[in-house]
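Observations on chain architecture
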Amino acid sequence: MSEIMLAVDDLWVEVGGKIVIKGISFEIPVGKTHILFGPNGSGKSTLLRTIMGFSAYKIIKGKIFFRENDITKLPLAERAKLGIGISFQEAPAITGVKLNQLLQILKNNGADIEEMATNLKMENHLMRDINAGFSGGEKKRSEILQLIIQNPNLVLLDEPESGVDIGNIELLGKYIDKLLQKEVHHNEMLGNIRSKSGLIITHTGHILNYVPADKSYVIINGKLVCKGNPSEVLEQISNNGFGHCEECFRREVIKDFKGICYETK
Ligand SMILES: Nc1ncnc2c1ncn2[C@@H]1O[C@H](COP(=O)(O)OP(=O)(O)OP(=O)(O)O)[C@@H](O)[C@H]1O
Ligand SMILES: [Mg+2]
């Protein structure tokens, strides 16, 4: 059996007085990348932010495990230290802190900040306040740069390619793939081998052209209704929209896109 990086067990989440996640369960093995699809407002960002540990997201039921440790009650900073990292759908600007200063704090491996910033065409942004006045595409590259320097084991990406032009999607895709690649890493304390796992939200699926993904899910109204091969699921959604997923939601079944339906409970 493969080692599990992230396990989410019957998760229910409330935010702003509204229950947004309604009983979601799934597992991501070490070294695997999973994709989340779903219509606007279905709870995708809420799920990622809850896994990261943002305090506004109240877990009212269920558990989250990271490498078999129960992190359900762990604060965000502790989760980051354990090796969980997130890129935002809409990255906030942080005035008064230079991008370079943040990168120096995040740095936990031998990465060369200047070199990586240049690779991501962000070398002229290092001395600017984080994300302040950055264009949409620059913010996305800034987010990926931060993650590459942070080097987390579980990478949560919220629409990394939205608003990014075709040429820059290729660049971002290449570095997201690097970020997620299995790596053999010698840790001075643990001396062990580690490899990465990812959970990526995408509407367009463009990222799938650059990042090999192993499995995907569709979220409708806070529940996982469909799961399957990412490109097959994307094709279904592109051709038919989310209508038939909503039908599964109403019938309380999960469909695996090979015509098999499961009862959700
Ligand atoms: N802080 C909050 N207060 C009130 N409602 C919230 C809050 N955060 C999220 N919601 C609501 O929860 C629902 C899910 O939001 P979420 O951002 O998770 O959707 P999403 O699936 O990421 O959508 P999109 O594709 O548009 O990014 C929405 O109806 C949203 O308005
Ligand atoms: Mg979102």
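Residues numbered from 1 in each chain as written. Chains lettered and ligands numbered in written order. Predicted model: local features only at pLDDT ≥ 70, side-chain atom pairs only at ≥ 80, totals over all residues.

The four strands are arranged β2-β1-β4-β5 in an open sheet whose pairing can be described as antiparallel. Sheet topology places β2 (18-29) and β5 (69-70) at the edges, where each strand pairs with a single neighbour. In the sheet, strand β1 (residues 4-15) pairs with β2 via nine bridges, with the strands oriented antiparallel. What sits directly across from W12, in β2, is K22. (Pairing = 2+ DSSP bridges. Helix = DSSP H or I, 4+ residues; strand = E, 2+ residues; numbered from the N terminus.)

Time to look at helix α1 (residues 44-52). A large share of α1 lies buried, amounting to eight of its nine residues. K44, S45, T46, L47, L48, R49, T50 and I51 are the residues of α1 that are buried. Downstream of α1 by a residue or two, G53 has a phi angle that is positive, lying close to 105°. (Buried ≥ 20, exposed ≤ 12 C-beta atoms within 10 Å, placed from the backbone.)

The pairing of strand β11 (residues 215-220) with strand β12 (residues 223-228) spans five bridges and is classified as antiparallel. Residue pairing in the sheet places S216 in a bridge with G228 of β12. Joining the antiparallel neighbours β11 and β12 is a turn of two residues, in which N221 adopts a positive phi near 45°.

What follows covers the site of ligand 1. Near ligand 1 you find 14 residues, and of these G16, N40, K44, S45 and T46 are the closest. Counting only elements with at least two residues in the shell around ligand 1, the list comes to β2 and α1. When residues of the shell around ligand 1 are assigned to their parent elements, the largest contribution, three residues, is made by α1. When its residues are assigned to classes, the shell around ligand 1 shows three nonpolar, nine polar and two charged. (Near = placed C-beta within 6 Å. Nonpolar A, V, L, I, M, F, W, Y, C, P; charged D, E, K, R; others polar.)

Here L103 shows up in helix α3 (residues 99-106). Owing to 23 C-beta atoms within 10 Å, L103 belongs among the buried residues under this scheme. C-alpha of L103 to C-alpha of L126: the two residues are 23 residues apart in sequence and 8.8 Å apart in space. Residues contacting L103, with those up to four places away along its chain left out, are I113, Q146 and I149. (Contact = placed C-beta atoms within 7 Å.)

Moving on, we get to unusual backbone geometry. At E159, a residue that is not glycine, the phi angle is positive and equals roughly 50°. Looking at the element boundaries, E159 is found in the loop between β9 (154-158) and α6 (166-180). Judged by the 22 C-beta atoms lying within 10 Å of it, E159 is buried. With phi around 45°, N221 is a residue other than glycine that occupies positive phi space.

Now for the confidence of the model for the protein chain. Confidence in the prediction for the protein chain averages 89 pLDDT; 88% of positions are at 70 or higher. Below pLDDT 50 for its whole length, residues 257-265 participates in 17 contacts with residues either more than four positions away or in separate chains. (pLDDT = per-residue confidence, 0-100.)

The buried count for β9 comes to five of five residues, which makes it a mostly enclosed element. Side chains of β9 alternate between two faces, with L154, L156 and D158 and V155 and L157 buried alike. Of the pairings in the sheet, the one linking strand β6 (residues 84-87) to β9 comprises four bridges and is parallel in character. Residue pairing for β9: G85 is matched across the bridge by V155. Sheet analysis places β9 next to strand β10 (residues 197-201), joined by five bridges and oriented parallel. Considered in β10, the bridge of L154 is made with S197.

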